[in-house]
Amino acid sequence: MAGSGSSMLYSFLLFVVTFSLQEMFRVKLASSELFTILGGFTSSLIFLMLLTFIGNYQETCGIKTGWGAVITAEIVALIAAGTVHRVCITTCFLFSAGLLYEVNKLSGITESKGKRY
């Protein structure tokens with residue numbers, strides 16, 4: 001299992017690569033309805049990578065994680081989506097809500113398995 005430091009590094013690198021590719025192809029992503037939805041999905045991946053980075057950074061520093069990390073990552077992802085197209089903001093928010101639900105469900109499963117006595 002990856003430690004907090006390596007997970008933080010990999011999530012930051014994936015964040016930078018995903019954001020760079022989204023900015024490079026933003027004209028293509030804004031060209032049709034389907035690509036606009038894809039632009040919102042890539043922005044929600046930016047949300048997921050940034051949330052992982054912030055959570056691992058807070059865990060490394062010993063700070064309690066909370067909704068501040070979620071809100072910060074969501075704002076950055078929505079701004080990134082807004083650079084592509086206005087509709088990407090809405091689709092990014094919807095995809096991010098779905099990803100956040102799945103991450104929360106997954107963390108509950110792994111947390112309950114980790115607390116065996």
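Residues numbered from 1 in each chain as written. Predicted model: local features only at pLDDT ≥ 70, side-chain atom pairs only at ≥ 80, totals over all residues. Heavy atoms only, no water.

### A closer look at the packing of aromatic side chains
Point 1. Overall, the coordinates contain five aromatic pairs when judged by the stated rule.
Point 2. Plain terms: the ring middles of Phe12 and Phe53 are 5.3 Å apart, the flat faces sit at 40° to each other, and that makes the pair tilted. Taken as a pair, Phe12 in helix α1 (residues 4-24) and Phe53 in helix α3 (residues 33-61) lie far apart in primary sequence, 41 residues in all.
Point 3. Arranged with centres 5.3 Å apart and planes meeting at 80°, the rings of Phe41 and Phe95 form a pair that is edge-to-face. (Phe/Tyr/Trp six-rings, centres within 6.5 Å; stacked < 30°, edge-to-face > 60°. Helix = DSSP H or I, 4+ residues; strand = E, 2+ residues; numbered from the N terminus.)

### Observations concerning helix α4 (residues 67-82)
Point 1. When the terminal C-alpha atoms of α4 are compared, their 22 Å separation across 16 residues agrees well with the 22 Å that a helix rising 1.5 Å per residue should span.
Point 2. Along α4, the residues that are buried comprise Ala69, Val70, Ala73, Glu74, Ala77, Ala80 and Ala81. Buried residues of α4, viewed axially, fall in a sector of 125°; they line one side. Facing away from the buried surface of α4 by more than 90 degrees, the exposed residues are Trp67 and Ile79. (Expected span 1.5 Å × (residues − 1). Buried < 20%, exposed > 50% of the residue type's maximum accessible area, 1.4 Å probe, protein only. Arc of directions from axis to C-beta.)

### Quick look at the pattern of salt bridges
Point 1. For the structure shown, the criterion picks out two salt bridges.
Point 2. With a shortest N-O distance of 3.1 Å, Arg26 and Glu23 are connected by a salt bridge.
Point 3. Given a relative accessible area of 37%, Arg26 falls into the partly exposed group.
Point 4. Close ionic contact of Glu102 with Lys105 constitutes a salt bridge, the shortest N to O distance being 3.5 Å. A residue pair is termed a helical-turn pair when its members lie 3 or 4 positions apart in one helix, as Glu102 and Lys105 do in helix α5 (residues 86-114) at three residues.
Point 5. The class for Glu102 is partly exposed, based on a relative accessible area of 40%. (Salt bridge = Lys/Arg side-chain N within 4 Å of Asp/Glu carboxyl O.)

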